[in-house]
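Residue-level listing of the chains:
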Amino acid sequence: VPDDQADKLLLASWGLPKAVLEKYHSLGVVQMFEWQAECLMLGQVLEGKNLVYSAPTSAGKTLVAELLILKRVLETRKKALLILPFVSVAKEKKCYLQ
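This write-up is about the structure you can find in this document. None of the values given here were measured: they were computed from a predicted structure. (Residues numbered from 1 in each chain as written. Predicted model: local features only at pLDDT ≥ 70, side-chain atom pairs only at ≥ 80, totals over all residues. Heavy atoms only, no water.)

**Thoughts on the nonpolar core**
One broad trend across soluble globular proteins is that nonpolar side chains are buried collectively. Here is the rule we go by: Only buried residues count toward a nonpolar core. Its members are Ala, Val, Leu, Ile, Met, Phe, Trp, Tyr and Cys residues joined through side-chain atoms within 4.5 Å. Accessible area is worked out with a 1.4 Å probe on protein chains only. A residue is then buried under 20% of its type maximum, exposed over 50%, and partly exposed in between. Runs of H or I in DSSP of at least four residues are treated as helices and runs of E of at least two as strands, each being numbered from the N terminus.
In terms of nonpolar packing, the biggest core is built from 16 residues, with Leu11, Tyr24, Met32, Leu40 and Leu67 touching the most fellow members. For this core, the secondary structure elements donating two or more residues are α1 (18-26), α2 (34-41) and α3 (61-76). Looking at which element gives the most residues to this core, the answer is α3, with four residues.

**Side note on the pattern of salt bridges**
Put simply, the rule is: Salt bridge criterion: a side-chain nitrogen from Lys or Arg within 4 Å of a carboxyl oxygen from Asp or Glu.
Counted under the stated rule, the structure contains three salt bridges. Put simply, glutamate 22 and lysine 18 hold a salt bridge, and the shortest N to O gap is 3.9 Å. Taken together, the residues glutamate 22 and lysine 18, both in helix α1 and four residues apart, mark about one turn of the helix. When the shortest N-O distance is used, the salt bridge between glutamate 75 and lysine 71 registers 3.0 Å. Within this pair, glutamate 75 and its partner lysine 71 are both found in helix α3, separated by four residues, close to a single helical turn. Given a relative accessible area of 13%, lysine 71 falls into the buried group.

**Structural notes on α1**
This is how it is decided: Our arc is simply the arc of the directions from the helix axis toward the C-beta atoms. Contacts are residue-level and defined by heavy atoms, with any inter-residue pair within 4.5 Å sufficient.
For α1, every residue scored as buried is listed here: Val20, Leu21 and Tyr24. In a view along the axis of α1, the buried residues occupy a sector of 100 degrees, so they form one face of it. Exposed residues on α1 whose side chains face more than 90 degrees from its buried face are Lys18, Ala19 and Ser26. If you follow the buried residues of α1, they end up packed against α3 and α4 (87-97).

So, in structure tokens, the structure goes:
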């Protein structure tokens with residue numbers, strides 16, 4: 001992330017509602033890694049274009065997906081489908097996203 005866009009690392013700079021930011025903050029998530037912000041700034045990803053990215057387990061891939069889904073749902077008022085690989089992960093995300 002270029003120095004002039006360092007604020008993009010902060011979740012608060014992505015236009016999320018206060019309640020969503022407070023939930024992330026309560027979980028200790030205030031900013032993201034550079035690679036996560038870079039994913040969100042690629043091409044027209046925020047306008048609904050596709051994004052394929054790869055990172056090791058527990059690197060933060062889910063945060064990128066969550067932010068893209070949240071922004072898209074809030075901006076378009078349409079539903080989203082989040083597909084997860086395991087029932088345990090799906091149950092965890094269900095509780096987390098409520």
